Amino acid sequence: MQTLRPIPLNLIGPMREAGNAPPVSVQHDPATGKLRASFQGADDSQVDRAVAAAIASGWQHTSQATRRDALTQLRDIIANRAEEFATTISLEIGAPIDFARSAQVAAALDHLDATIAALPAALAEETLGTPEHRVRFEPVGVSALITPWNWPLNQVVLKLGAALAAGCAVVLKPSELASRTAGLLIECCVDAGLPAGAVNLLIGDGTTGAALAAHPDIANISFTGSTRAGRQIAAVATQRFARTTLELGGKSANLIFADCDLPTAIRQGVAHCVRNAGQSCNAASRMLVERTVYDEAVAIATQMMWEVSVDHPARSGTHIGPQISYQQYQRVQDLIAGGIEDGARLMVGGGGAPTNLGGGFYSRPTLFVDVAPDLELFQTEIFGPVLTMTPFDTEEQAITLANATPYGLAAYIQTSDLVRADRVACELRAGMVQINGTSRAQGAPFGGVGASGWGREAGLWGIRAFQEIKSISGAAAQTP
């Protein structure tokens, strides 16, 4: 039986074995529910040491070639250890092993490729009419990276690659539920030849993250997580004018028009909603369907949701795994119960766990239909394998329904009328729109509006989030 590797020893805040110290937080095996380890979080002095190491690293003075070579080395090392990463992710967060390989690790490598490709443009000076008027892009300073558990390699690499490309040394505080994946990444950073202090890792819960965000020498905070925590970080950062990038929650709408390939659209929509056990911020969790095909769409979605398999993460296949923790499982259960109480029509699933898996934090794939826009199911990010369906009559009503939540991360449109698709995309209050199953381009900006946060990540836009812009007038541009 596979087990998690011990966390590396070259960390600021080490993981301790259960029982050795009063735990700040604990980690359970999502697949069995059994206690795996407890954590002694980093204290204020360790936060200070990590920030001081980043300041002393000198990474901001490195050349473009040095940064490119380091990121290329890091990318290749991660690729060579892809199976180890996939196994760690699967064991740590409960992602099915095939999904961990094909999506979780693959997405991280794709982000690094996009960052490396964008690096020359991101560091190049720009002129404004003549060489005497130019714009420089400089590293903003030591940056805090506070990352979630649901995509534990992808979300870290998305920030880390951009920060290093911009010339920012970092202090990384991953979710305490996914710290071993981060520890494995630190090993890769060391092997890639990054200098001491360029990347520092703190282990701890939200208390550690709050101390890091409030540190006076942190110039920039890049956070991915809940909207509630994002508000708290923004409030702290504003007090000292620290820069922030916030990638927060989502409640993404999937607009299904009658002229689309309905079976394909529904199949893709169900798969996107439930992948990673529904634990993706951009999950297409609200399916809005034109009324003339609504009954047919409900019938197709019902059959497809019944066919979604839930199984152990170690098993190969296209099934989904458990929620990350008991707390997340219970949140999903509470929202399902609330939907039933509010009168939403339950077609598939419901409360409780699948009966064939024993322990663990497994939720049943669940479909609600006829969900009114004022219901909590429609408004609240569930972060579980729960899909809602709501009919609309007109294009204008579809847009109104899609924009009827506080979130604005992603949206999806299914129609054969590409003129309408473009028109609707421009009216949707979302940072990202995908049409007819088209994947986002490599390096496309990732982020949202409203309660989904601000700022963008990935590619050139991701590097820009770690840069200050300086205009210089009256001197000829110098070759870097």
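Our subject is the structure listed above.
Since this is a predicted model, take the numbers as computed values, not measurements.

Colleague: Help me understand the overall build of the protein chain in this model?
Modeller: The helix and strand inventory of the protein chain stands at 15 helices and 21 strands. On C-alpha atoms alone, the protein chain measures out to a radius of gyration of 23 Å, which is about the 23 Å that the 2.2 N^0.38 rule sets for 480 residues. Principal-axis analysis of the C-alpha atoms gives the protein chain an extent of 65 × 65 × 40 Å. A buried classification covers 58% of the 480 residues belonging to the protein chain. Of the roughly 19000 Å² that the protein chain leaves accessible, carbon and sulfur atoms contribute 53%. Between the centroid of the 35 positive side chains of the protein chain and the centroid of its 45 negative side chains there is a distance of 4 Å.

Colleague: I tried to follow helix H4 (residues 97-123) on my own but got confused; where do I start?
Modeller: Because each turn of an α-helix spans 3.6 residues, side chains separated by three or four positions end up pointing in the same direction. Its 27 residues give H4 an end-to-end C-alpha distance of 38 Å, which sits within 8% of 39 Å, the value for a rise of 1.5 Å per residue. The largest bend in H4 amounts to roughly 35 degrees and is located at Ala 117, with the proline Pro 120 lying one to four residues further along.

Colleague: So what exactly am I meant to see when it comes to the packing of helix H2 (residues 64-80) against helix H6 (residues 179-191) here?
Modeller: The contact between H2 and H6 brings their axes to 9 Å, and the two run at 130 degrees. The angle between H2 and H6 falls in the class oblique. With respect to the hand of their crossing, H2 and H6 are arranged in right-handed fashion. On H6, the residues that touch Leu 74, Ile 77 and Ile 78 of H2 are Leu 185, Cys 188, Cys 189 and Asp 191. Here the residues of the contact of H2 with H6 are counted per class, giving six nonpolar, no polar and one charged.

Colleague: Which parts of the structure should I look at to understand the sheet that holds strand E17 (residues 410-414)?
Modeller: Adjacent strands of a sheet pair through backbone hydrogen bonds, lying either parallel or antiparallel. Judged by pairing direction, the sheet is mixed, and its seven strands sit side by side in the order E13-E14-E15-E12-E11-E17-E18 without closing on themselves. For this open sheet the edge positions go to strand E13 (345-348) and strand E18 (432-435), each flanked by a neighbour on one side alone. The mean inter-strand angle of the sheet, taken between neighbouring strand axes irrespective of direction, is 20 degrees. The sheet contacts of helix H10 (residues 294-306) involve strand E12 (286-290), E13, strand E14 (366-369) and strand E15 (386-392), and relative to E15 the element is tilted by about 175 degrees. Helix H14 (residues 418-427) contacts strand E11 (253-256), E17 and E18 of the sheet and is inclined by roughly 160 degrees relative to E17.

Colleague: Looking at this structure, how should I read the packing of H2 against H4?
Modeller: For any two helices packed against each other, one specifies the inter-axial angle together with the distance between the axes. Relative orientation of the contacting elements H2 and H4 amounts to 175 degrees, with a least axis distance of 10 Å. As the angle between them shows, H2 and H4 are arranged roughly antiparallel. For the pair H2 and H4, contact is made by Gln 64, Arg 67, Arg 68, Leu 71, Thr 72, Leu 74, Arg 75, Ile 78 and Ala 79 and by Leu 109, Leu 112, Asp 113, Thr 115, Ile 116, Leu 119, Pro 120 and Leu 123, respectively. Across the contact of H2 with H4, the residue classes break down as 10 nonpolar, three polar and four charged.

Colleague: Which parts of the structure should I look at to understand the pattern of salt bridges?
Modeller: Pairing between side chains of opposite charge can happen when the charged atoms of each approach one another. Overall, the coordinates contain 21 salt bridges when judged by the stated rule. Here Arg 81 and Glu 84 are joined by a salt bridge, their closest N and O atoms 3.0 Å apart. In the salt-bridge network here, residues are joined through shared partners; they are Glu 125, Arg 134, Arg 136, Glu 138 and Lys 470.

Colleague: How do you make sense of the nonpolar core when you look at a structure like this?
Modeller: Counting residues in each nonpolar core, the largest one holds 83 residues, and the members touching the most others are Leu 74, Ile 78, Leu 153, Leu 160, Leu 185 and Val 199. For this core, the leading source of residues is H4, giving 13 residues. In this structure, Leu 160 is in contact with Leu 74, Leu 145, Val 170, Leu 185, Cys 189 and Val 199, ignoring residues within four places of it in sequence. The next biggest cluster of nonpolar side chains, apart from the first, holds 29 residues, and it includes Cys 260, Leu 262, Val 298 and Val 369.

Conventions adopted
- Residues numbered from 1 in each chain as written.
- Predicted model: local features only at pLDDT ≥ 70, side-chain atom pairs only at ≥ 80, totals over all residues.
- Heavy atoms only, no water.
- Helix = DSSP H or I, 4+ residues; strand = E, 2+ residues; numbered from the N terminus.
- Rg over C-alpha atoms; globule rule 2.2 N^0.38 Å.
- Buried < 20%, exposed > 50% of the residue type's maximum accessible area, 1.4 Å probe, protein only.
- Areas by Shrake-Rupley, 256 points an atom, 1.4 Å probe, with all protein chains shown as cover.
- Lys, Arg positive; Asp, Glu negative; His and termini not counted.
- Charge placed at Lys NZ, Arg CZ, Asp CG, Glu CD.
- Expected span 1.5 Å × (residues − 1).
- Bend = angle between axes of the 7 residues up to and from the residue.
- Axes fitted to C-alpha atoms, helices over the stretch in contact; angles between N-to-C directions.
- Parallel < 35°, antiparallel > 145°, perpendicular 65-115°, else oblique.
- Left-handed = near helix turned anticlockwise from the far one by under 90°.
- Contact = heavy atoms within 4.5 Å.
- Nonpolar A, V, L, I, M, F, W, Y, C, P; charged D, E, K, R; others polar.
- Pairing = 2+ DSSP bridges.
- Salt bridge = Lys/Arg side-chain N within 4 Å of Asp/Glu carboxyl O.
- Core = buried A, V, L, I, M, F, W, Y, C linked by side-chain atoms within 4.5 Å.

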